[in-house]
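Given next are the chains, with one letter for each unit.
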Amino acid sequence: MRIALFWQICSVGAFPPIFNPTIERLVEYKDAENTVQQGFLAYPAYATPLRKRPAVIVFHAFTGRTDFDNGKARDLAKLGYVAFAADTYGKGKAASTVDGNFEIMGALLANRTTTLRNRILSSLNYVKALPFVDENRIGSIGFCFGGLCSLDLARFNLGVKAVVSFHGTLTDYPGNGTSIDASVQAHHGDEDPHTTNADAEEFLVEMRRRGGDWMFSRYAHTLHAFTLPGVENWGVAGAAFNPIASNRSWSAMEAFLAEKLL
């Protein structure tokens, strides 16, 4: 009786997140240019084609996909989401140095409407094709460069329900219409010298122009990359981990995604 009850509860995801068993694995997929990408997939063990779950794509910072992104995917899986830490650089392409990764990121930003768009879309298409994902309940989050990827996914108007940007680049997508159908949440450091307060104001103008559902949070005494532990030791000027802003923004994200996807 107790064993049967255990699996009945587990199968509907009624356990608190700490008790939710999850499955994880590295996967490979390709973009429209046949570039091999390697992502990290984590999902509740009770997710099945008959019990489909909402999904959240995690877009990485300038570092490429790392254990940080994999960890965020694990955290989301424990909350009941199918979580996918995507790879926009390509399998094995991330550099071993900060300057090398900035070079890769810069090349993608220079091809934002082509190569980068293709790699964002291939990540979405991979998740949508998973048999245990409810394709009507897909969201995304992203950090720094990944914040731009997450926001761009919303700007593409492909039916994604909710996107979140943590200290992301906020620059509008070139020539991409005037509407937005996803709900948007963005978190910004008030003292960020990379994505400035002037950039933030332009982003708010964009959001108002697009007329969607959005919310914007600004954190006091907070620099760039505030969710990345140890970033102040990487030699990136104007970047520092801020545990208060990191915890507050993650908690706000949890409530936002639960409202839109669960």
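In the block above lies the structure referred to throughout.
What you see is a predicted model; the values in this text were computed from it and never measured.

Caption draft 1: Expanded view of the overall build of the protein chain. Along its length, the protein chain carries seven helices and eight strands. Taking 2.2 N^0.38 as the reference for a compact globule, 262 residues should give roughly 18 Å; the C-alpha atoms of the protein chain span a radius of gyration of 18 Å, in line with that estimate. Seen through its principal axes, the protein chain has C-alpha atoms that stretch 60 × 40 × 40 Å. Counting across all 262 residues of the protein chain, residues that qualify as buried make up 52%.

Caption draft 2: Seen up close, the pattern of salt bridges. Under the counting rule described, the total for this entry stands at 14 salt bridges. For Asp152, the salt bridge is made with Arg112, and the minimal N-O distance between the two is 2.7 Å. Of this pair, Asp152 sits in helix H5 (residues 145-155) while Arg112 sits in helix H4 (residues 112-129); the two residues are 40 residues apart in sequence, bridging distant segments of the chain. A relative accessible area of 9% places Arg112 in the buried class. Each of the salt bridges in this network shares a partner with another, and the network as a whole consists of Arg112, Asp152, Arg155, Asp172, Glu206, Arg209 and Arg210.

Caption draft 3: Highlighting the side chain of His188. Of note, His188 is situated in strand S7 (residues 183-189). Among the polar contacts listed, one links the side chain of His188 to the side chain of Asn197, at a separation of 2.9 Å. Setting aside residues no more than four positions away along its own chain, His188 makes contact with Thr195, Thr196, Asn197, Ala200, Phe216, Ser217, Arg218, Tyr219 and Phe226.

Caption draft 4: How the structure looks around the nonpolar core. Leu41, Leu76, Ile141, Phe203 and Leu257 are the most contacted members of the largest nonpolar core, which has 72 residues in total. Setting aside residues no more than four positions away along its own chain, Phe203 makes contact with Leu151, Arg155, Leu170, Val184, Ala186 and Phe216.

Caption draft 5: Expanded view of H4. A rise of 1.5 Å per residue sets the reference length of H4, with its 18 residues, at 26 Å; its end C-alpha atoms lie 24 Å apart and thus fit the reference within 8%. Considering bend angle alone, the principal kink of H4 is centred on Asn118 and spans about 25°. If you check which residues of H4 are buried, you get Arg112, Thr115, Leu116, Arg119, Ile120, Leu121, Ser122, Ser123, Leu124, Tyr126 and Val127.

Caption draft 6: How the structure looks around the packing of H4 against H5. Interaxial distance between H4 and H5 falls to 10 Å at its minimum, and their mutual angle equals 80°. Classed by the angle they form, the pair H4 and H5 counts as roughly perpendicular. Along the contact surface, H4 presents Arg112, Leu116, Ile120 and Leu124, while H5 presents Phe145, Leu148, Cys149, Asp152, Leu153 and Arg155.

About the criteria used
- Residues numbered from 1 in each chain as written.
- Predicted model: local features only at pLDDT ≥ 70, side-chain atom pairs only at ≥ 80, totals over all residues.
- Heavy atoms only, no water.
- Helix = DSSP H or I, 4+ residues; strand = E, 2+ residues; numbered from the N terminus.
- Rg over C-alpha atoms; globule rule 2.2 N^0.38 Å.
- Buried < 20%, exposed > 50% of the residue type's maximum accessible area, 1.4 Å probe, protein only.
- Salt bridge = Lys/Arg side-chain N within 4 Å of Asp/Glu carboxyl O.
- Polar contact = N/O pair within 3.5 Å; in protein donor to acceptor, adjacent residues only side chain to side chain.
- Contact = heavy atoms within 4.5 Å.
- Core = buried A, V, L, I, M, F, W, Y, C linked by side-chain atoms within 4.5 Å.
- Expected span 1.5 Å × (residues − 1).
- Bend = angle between axes of the 7 residues up to and from the residue.
- Axes fitted to C-alpha atoms, helices over the stretch in contact; angles between N-to-C directions.
- Parallel < 35°, antiparallel > 145°, perpendicular 65-115°, else oblique.

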